[in-house]
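# Analysis of the macromolecular model
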Amino acid sequence: MPDRIALVCSCEDSMRLDERGIARGCGAELRTAEQLCQAQRDRFLAALATGRPVTVGCTQEAPLFTELAEEAGATQPLAFVNLREQAGWSAEGAGAGPKIAGLIAAAAIPLPETALVPLTSAGVTLVLGRDAVAIEAARRLADRLDLTVLLTGTEPVTPAPRTDFPILRGRARGATGWLGAFEVMVDGHAAPSPASRAAYAWGPGRDGARSLCDVILDLTGGPALFHETRLGYLRANPADAAAVERLVAEAGQLVGEFDKPRFVQFEAGLCAHARNRRTGCTRCLDLCPTGAITPGKTSVEISAEICAGCGACAAVCPTGAVTYALPPPGTTLARLRALLLGYAEAGGRDAILLLHGGTHGEGLIDALARHGEGLPARVLPLRLNEVSQLDLATLAAAFAWGAAGVRVLLPGRRGHGTEGLFRNLDYAEAALDGLGLAAALPRAAAIETDDPFSLGEALAPALALRTGWPTAGFLPLGAPREVLRQALRALRGPEAPEVIAMPEAAPFGIAAVAADGCTLCLACTMVCPTGAFSANPETPQLRFLEDACVQCGLCAATCPERVISLSPRLNFAEAASQPQVVKEEAPFPCAHCAKPFGTASSIARVKSRLAASGHWMFKDPSRLALLELCEDCRASEATLGGVDPYAGPSRPVVRTTEDWIREAEEE
């Protein structure tokens, strides 16, 4: 970033700036100020006048600086980073120069635009309720939404004096869809009697009714129809007046056109879910909390309209078929690399990376800076959209780029989709342990708290961690799996073992083949989604490439001989990156033309099984000899050699109705 200008303000000298250290690691021309947002705005305008990209070390006044840039007609990239709460306002603020350098370097990595999913709602709303609360909520929304109320009928409800919208009885037994496209299945559907007096009297019920709507308001107090994040599905306890009030206010806004981020990108061709009606990898299906992922014939299917963006699927996908898009993994890794290498370039050592998501993490960090001792100088925060998106490649790359420890900040009450995150933390610990890099404390762990002071207390022990390995500088090129492989190889020292056992379901390992039982049918090569198993077109041979194996299990599920077993492990041997022959045989030559086809063992096995079957066609040895011919010679011999495929045991004479009648008359 040699052409970038970094503007760092001491915020009226409320934080000390190590200008030399910051300039050495931030990779930009450093310019400082004491009151950049007011008395020294001219310094900001002077930086804009150069036409060069500008990074401002302040997020509090970002709207002001953005407005000034628009008024000045500036068009260059403008980035903002919070240096005050994340670094300067700290008991160790005087030594936070390397951290500030890393934060500036990371902020200069631009965030790409995220694709959007359009949703349209005409306001057709189904209100599910059990009592008059649902009717009152509908009455308040009647001027904005097209309403239908569906009562459970379990409680008596006084009829409304005016029928401003349909009020029916029914029980929603299931629903599908999203904002603008819901379908609700209703049992016991019935209309009220017009003569209902003290309470609604319902007519005969009908099961299997369907309701199509744009919005669902659930005030039944019963089990939810959807996960809580389904856009367009609003649910509240009817006994909680405040919750009902919030629901009514939110529902009134759900009319019009809406855009939601496309949280993940999906390439079906890379998916290892299924082949030939065999099921392999189900990692994302097992973790998705919202029902956005469903099984398909060869791959899973992901509904962008339902996806709530937790990123659990991307965190555990072994092939890279699913990647997080807010931002994409390349951007996250580039920011992480700039943060850690900028910190190291400025003289920082043994960084503790603090990964956090959204407003929860920033709120705790801000509160700790304003009311406590702030983050230690060695703790480098990096924001993710959702921490549950964190994949193993990001964790491994952080250690390779110089982090002594990684802490992931989570709410005190775990959100949905975090199982994959904890699985990846376990994988990272197992890999570091196998590489001889384990410490007395976990190097990769989570901090679950909603209290800023508890955050500070939880970070304190991690400061005892040290790296003890050289910092790598490789670029995060390629898919996350390729970055993971680069990072692990960079972390491996000369004394580390070549093979490291990994926990169950780890996305790398060996698919061992019991060669004695393998028949070289090559079914495994036809279902392997990554090419780990391959055939040799020149000779009967099965090869295996361990670096490509993702432990999806399709090979083991497909193998007719059941001779393939999976074993998760890390293998750093050179052989793991080259296809290895696991089974081969000499080709069997055609008895007529000598063209090689099949293998001797397979021909012998088929002949023995057919001979033992007792079938009339193969009692004659000359017919079994046809199996020793290639497909061309076999057809020629069958035609010219007088082989009648229809010859066989005498068949019974066909008897017709007339035969039965005649025989009966003769009797």
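This section reports on the structure supplied with the text. All of these numbers come straight from a predicted model, not from anything done at the bench. Position numbers for residues start from 1 in each chain and track the written sequence from start to end. In view of the model being predicted, local features appear only for residues whose pLDDT reaches at least 70, and side-chain atom pairs are presented and counted only at 80 or more, with totals across whole chains, interfaces and linings using the full set of residues. Working from all heavy atoms in the structure, the side-chain values ignore hydrogens and water.

A few words now on the overall build of the chain. When helices and strands are tallied, the chain shows 21 helices and 31 strands. Compactness check: the chain gives a C-alpha radius of gyration of 34 Å against a globular reference of 26 Å for 667 residues, more than 25% above the reference. Dimensions of the chain along its principal axes, counting C-alpha atoms only, are 120 × 90 × 50 Å. For every residue, the accessible area obtained with a 1.4 Å probe (protein chains only) is divided by the maximum for its type, and the residue is called buried under 20%, exposed over 50%, and partly exposed between those limits. Scored against the burial criterion, the 667 residues of the chain give a buried share of 47%. Residues scored as charged are limited to Lys and Arg (positive) and Asp and Glu (negative), so that His and the chain ends carry no count. Just so you know, the charge point we use is NZ for Lys, CZ for Arg, CG for Asp and CD for Glu. Counting 61 positive and 75 negative side-chain charges, the chain places the centres of these two groups 2 Å from one another. In this text, helices come from DSSP runs of H or I with a minimum length of four residues, and strands from runs of E with a minimum of two, each type numbered from the N-terminal end. All radius of gyration figures rest on C-alpha atoms, and the globule criterion is 2.2 Å times the number of residues raised to 0.38.

Quick look at the packing of aromatic side chains now. Aromatic ring pairs are reported here in terms of the distance separating the ring centres and the angle at which the planes meet. Between the rings of Phe, Tyr and Trp (Trp by its six-membered ring), a pair exists once the centres lie within 6.5 Å; its type follows the angle of the planes, with under 30 degrees stacked, over 60 edge-to-face, and the other angles tilted. Enumeration over the complete set of coordinates arrives at eight aromatic pairs. Taken together, a centroid distance of 5.0 Å and an interplanar angle of 45 degrees make the contact between Phe533 and Phe544 tilted. Within this pair, whereas Phe533 is found in strand β26 (residues 533–535), its partner Phe544 is found in strand β27 (residues 541–544), the two being separated by 11 residues in sequence. Through a chain of ring-to-ring contacts, the aromatic side chains of Phe182, Phe226 and Tyr233 assemble into a single cluster. Remark: a charge is flagged as sitting over a ring if the NZ atom of Lys or the CZ atom of Arg is within 6 Å of the ring centre and within 35 degrees of the ring normal. The ring of Phe422 carries Arg414 above its face, with NZ or CZ at 3.9 Å from the centroid. The ring of Trp660 carries Arg655 above its face, with NZ or CZ at 4.4 Å from the centroid.

Residue count minus one, scaled by 1.5 Å, sets the expected span of a helix. Look at helix α10 (residues 329–345): 24 Å from first C-alpha to last across 17 residues, which is about the 24 Å you get at 1.5 Å a residue. Within the sequence span of α10, burial applies to Thr331, Thr332, Leu333, Leu336, Ala338, Leu339, Leu340, Gly342 and Tyr343. A positive backbone phi angle near 105 degrees is found at Gly347, which sits one or two residues after α10.

Only the stretch in contact is used when fitting a helix axis, every axis being a line fitted to C-alpha atoms; angles between N-to-C directions are given from 0 to 180 degrees. Where helix α12 (residues 392–400) meets helix α15 (residues 480–491), the axes come as close as 8 Å, and the angle between the chain directions of the two elements is 30 degrees. Judged by the sense of rotation from one axis to the other, the crossing of α12 with α15 is left-handed. For the pair α12 and α15, contact is made by Leu392, Ala393, Ala396, Ala397, Phe399 and Ala400 and by Pro480, Val483, Leu484, Ala487, Leu488, Ala490 and Leu491, respectively. Residue composition of the contact of α12 with α15, grouped by class: 13 nonpolar, no polar and no charged. Helix crossings are classified by the rotation of the near helix relative to the far one: an anticlockwise turn of less than a right angle makes the crossing left-handed, while a clockwise turn makes it right-handed. Any two residues having at least one pair of non-hydrogen atoms within 4.5 Å are treated as being in contact. Only Asp, Glu, Lys and Arg are considered charged in this grouping, and only Ala, Val, Leu, Ile, Met, Phe, Trp, Tyr, Cys and Pro are considered nonpolar; every other residue, Gly among them, is considered polar.

For the rest of this paragraph, the subject is the nonpolar core. By size, the foremost hydrophobic cluster in this structure holds 70 residues, and its most contacted members are Ile104 and Leu353. With residues near it in sequence (within four places) discarded, Ile104 still touches Ala6, Val8, Ile22, Cys26, Thr55, Val81 and Leu83. Nonpolar core, defined: a set of buried Ala, Val, Leu, Ile, Met, Phe, Trp, Tyr and Cys residues in which side-chain atoms within 4.5 Å join the residues together. Within the second largest apolar cluster, 27 residues are counted, among which are Leu119, Ala134, Val149 and Leu219.

As a further point, take the sheet that holds strand β3 (residues 54–56). Only when DSSP finds a minimum of two bridges between them are two strands counted as paired. Pairing in this open sheet of four strands is parallel, and the strands run β2-β1-β3-β4 from one edge to the other. Single-partner strands in this sheet number two, and they are β2 (29–33) and β4 (78–80). For this sheet the average axis-to-axis angle between neighbouring strands, irrespective of direction, equals 20 degrees. Bridge count for strand β1 (residues 5–9) against β2 is five bridges, and the pairing is parallel.

Right, let's get into unusual backbone geometry. Cis rather than trans, the peptide bond between Leu326 and Pro327 has omega equal to -5 degrees. Along the chain, the position of Pro327 falls in the loop between β19 (322–324) and α10. Although it is not a glycine, Asp13 adopts a positive phi angle of roughly 60 degrees. If you trace the backbone, Asp13 turns up in the loop between β1 and α1 (19–26). Positive phi values are uncommon outside glycine, yet Asp350 reaches one of about 55 degrees. Position of Asp350 among the secondary structure elements: in the loop between α10 and β20 (351–357). Exposure remark for Asp350: the relative accessible area of 17% places this residue in the buried category.

Okay, the packing of α10 against α12 next. Contact pair α10 / α12: the axes reach a minimum separation of 10 Å and the direction vectors enclose 15 degrees. One element, α10, and the other, α12, form an angle in the roughly parallel class. Here α10 and α12 pass one another in a crossing that is right-handed. Where α10 abuts α12, its residues Leu333, Leu336 and Leu340 lie against Ala393, Thr394, Ala397 and Ala398. Class assignment for the residues of the contact of α10 with α12 results in six nonpolar, one polar and no charged. Any angle from 65 to 115 degrees is called roughly perpendicular, while one under 35 is roughly parallel, one over 145 is roughly antiparallel, and all others are oblique.

Negative charge collects at one region of the surface, where Glu12, Asp13, Asp18, Glu19 and Glu34 lie side by side. If you trace the backbone, Glu19 turns up in helix α1. Judged by relative accessible area, which is 43%, Glu19 ranks as partly exposed. Note that patches include only residues with greater than 30% relative accessible area and no salt bridge, and the join distances are 9 Å for like charges and 5 Å for nonpolar side chains (Val, Leu, Ile, Met, Phe, Trp, Tyr). Shrake-Rupley sampling with a 1.4 Å probe provides the accessible areas, and residues are treated as covered by the protein chains on show and by no other component. Salt bridge, as used here, is a side-chain nitrogen of Lys or Arg placed within 4 Å of a carboxyl oxygen of Asp or Glu.

Right, let's get into the sheet that holds strand β29 (residues 580–584). The antiparallel open sheet is built from three strands, whose spatial order is β26-β27-β29. Both outer strands of the open sheet, β26 and β29, are each paired with one neighbouring strand and no more. Neighbour-to-neighbour, the strand axes of the sheet open up by a mean angle of 30 degrees, direction not taken into account. Bridging between β27 and β29 involves four bridges; their strand directions are antiparallel. Bridge pairing in β29 places Leu542 opposite Lys583.

Here strand β7 (residues 146–151) pairs with strand β8 (residues 167–176) via three bridges, running parallel. Looking at the pairing, Leu151 lines up with Arg169 of β8. Here β8 runs beside strand β9 (residues 182–190); their pairing, made up of six bridges, is antiparallel. Residue pairing for β9: Arg169 is matched across the bridge by Ala190. Linking β8 to β9, which pair antiparallel, is a turn of five residues; within it Gly177 sits at a positive phi near 105 degrees.

All right, on to the pattern of salt bridges then. The final tally for this structure, using the stated rule, is 25 salt bridges. Note that Glu85 and Arg84 form a salt bridge whose closest N and O atoms lie 3.0 Å from each other. Classification of Arg84 by relative accessible area gives buried; the value is 10%. With a shortest N-O distance of 4.0 Å, Glu155 and Arg130 are connected by a salt bridge. Taken as a pair, Glu155 in the loop between β7 and β8 and Arg130 in the loop between β6 (124–129) and α6 (132–141) lie far apart in primary sequence, 25 residues in all. With relative accessibility at 36%, the residue Glu155 sits in the partly exposed group. Since its relative accessible area comes to 24%, Arg130 is described here as partly exposed.

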